[in-house]
Amino acid sequence: KRLNLSSINNLMEDRLSRFAKAEKLHALGKLAFGIAHEINNPLTNVSMNVEMLVKDLAEPIDKKRVTKRITSIERNLDRAAKIARELLAFSTEKEAEFVPASLNDIIKSSLELLGSRKKEYKLTVHLDDTPPIAAIPWKLEEVFLNILVNAMDATPKNGVIKISTRYEENQVLAKICDSGCGIPPEMISLVMDPFFTTKEVGQGTGLGLSICYGIMDLHGGHIELESEIDQGTTVTLSFPLKGVTNG
């Protein structure tokens, strides 16, 4: 019996399509599991604090205790909102225009967005004079925020985190070095994969570095990681200057 190549091709396409859908559903299942735990924790904390705040307000007001409750509510709502932003950034692409931008200014604004949390670490910032790069600034802020938050999560309080920039071989380079727990060698090649995380369930979705990788690729740049257990991790971001204008 002669083989029908057209039928075989159709069968292969059908199998591949089913496989792709199965893989997507598997990934979405993992995502939903992580997101459910990740969002549930801060919202549970908010609910408890609101309940206790109602009781506090029924008695003579202790301003210090009420302020503590409100601060906790704000912090946990911010955490839930951050998770939602990560998910939206992973699942959607907004139209954006590249403009000449200072990487140093983007880093400074990213540090501002970290708020008071950065005071819990010994941050050293050394920003060399660098030429402008073609960038979507708010997207690169997201890259630096993700990397800096990861560095803080991995580093003990009062630990050292170093941030630096330099111009080299027609590229602008940025380095973020932490003094944290490091990443096992067998996991270095996996950390950019969507949904992969070394954090405990409920502590991370695994979207952050995958988003960073996509944004760096959009900018024609590269992201590299070097890490040593108990010594820390260094993330190097490189941005080409090709096509930059000062218009």
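Residues numbered from 1 in each chain as written. Predicted model: local features only at pLDDT ≥ 70, side-chain atom pairs only at ≥ 80, totals over all residues. Heavy atoms only, no water.

K.L.:
Lay out the side chain of Asp-56 in plain terms, naming residues and giving numbers.
P.N.:
Position of Asp-56 among the secondary structure elements: in helix H1 (residues 5-57). Residue Asp-56 is classed as buried on the basis of its relative accessible area, which comes to 7%. (Helix = DSSP H or I, 4+ residues; strand = E, 2+ residues; numbered from the N terminus. Buried < 20%, exposed > 50% of the residue type's maximum accessible area, 1.4 Å probe, protein only.)

K.L.:
Explain the packing of helix H3 (residues 103-113) against helix H4 (residues 137-154) residue by residue, including any values.
P.N.:
Where H3 contacts H4, the two axes come as close as 9 Å, and the packing angle between them is 55°. Of the possible angle classes, the one that applies to H3 and H4 is oblique. Seen from above, H3 lies across H4 with right-handed handedness. Within the contact between the two elements, H3 uses Leu-103, Ile-106, Ile-107, Ser-109, Ser-110, Leu-111 and Leu-113 and H4 uses Pro-137, Leu-140, Glu-141, Phe-144, Leu-145 and Leu-148. Split by residue class, the contact of H3 with H4 holds ten nonpolar, two polar and one charged. (Axes fitted to C-alpha atoms, helices over the stretch in contact; angles between N-to-C directions. Parallel < 35°, antiparallel > 145°, perpendicular 65-115°, else oblique. Left-handed = near helix turned anticlockwise from the far one by under 90°. Contact = heavy atoms within 4.5 Å. Nonpolar A, V, L, I, M, F, W, Y, C, P; charged D, E, K, R; others polar.)

K.L.:
Requested: an account of the pattern of salt bridges, with residues and values cited.
P.N.:
Taken as a whole and judged by the stated rule, the model has five salt bridges. Taking the shortest distance from any N to any O, the salt bridge between Arg-69 and Asp-56 comes out at 2.9 Å. Placement of the pair is Arg-69 in helix H2 (residues 63-91) and Asp-56 in helix H1, with a sequence separation of 13 residues. Neither residue differs from the other here; Arg-69 and Asp-56 are each classed as buried. Between Glu-59 and Arg-65 there is a salt bridge, with the nearest N and O atoms lying 3.9 Å from each other. On the basis of relative accessible area, Glu-59 is assigned to the partly exposed category, the value being 45%. Taking the relative accessible area as the measure of exposure, Arg-65 reaches 32% and is therefore partly exposed. (Salt bridge = Lys/Arg side-chain N within 4 Å of Asp/Glu carboxyl O.)

K.L.:
Just give me the short version of unusual backbone geometry, but keep the residues and values in it.
P.N.:
In this structure, Glu-169 is a non-glycine residue whose phi angle is positive, near 50°. Of note, Glu-169 is situated in the loop between strand S4 (160-168) and strand S5 (171-178). With phi around 65°, Asp-230 is a residue other than glycine that occupies positive phi space. Along the chain, Asp-230 falls in the loop between strand S6 (222-228) and strand S7 (232-240). On the basis of relative accessible area, Asp-230 is assigned to the exposed category, the value being 59%.

K.L.:
If you had to explain the pairing of S5 to someone new, which residues and values would you point to?
P.N.:
Pairing between S4 and S5: eight bridges, direction antiparallel. Following the sheet pairing, Ile-161 is matched in S5 by Asp-178. Across seven bridges, S5 lies against S7 in antiparallel orientation. Bridge assignment links Cys-177 to a residue of S7, and that residue is Thr-234. (Pairing = 2+ DSSP bridges.)

K.L.:
If you had to explain the nonpolar core to someone new, which residues and values would you point to?
P.N.:
Core analysis: the largest hydrophobic core is formed by 34 residues, its most contacted members being Leu-103, Leu-140, Ile-147 and Leu-237. Elements with a contribution of two residues or more to this core: H3, strand S3 (133-135), H4, S4, S5, helix H6 (208-218), S6 and S7. It is H4 that contributes the most residues to this core, eight residues altogether. Those residues within four positions of Leu-237 in sequence are excluded, and the remaining contacts are Val-143, Phe-144, Ile-147, Val-172, Leu-173, Ala-174, Ile-176, Met-216, His-222 and Ile-223. (Core = buried A, V, L, I, M, F, W, Y, C linked by side-chain atoms within 4.5 Å.)

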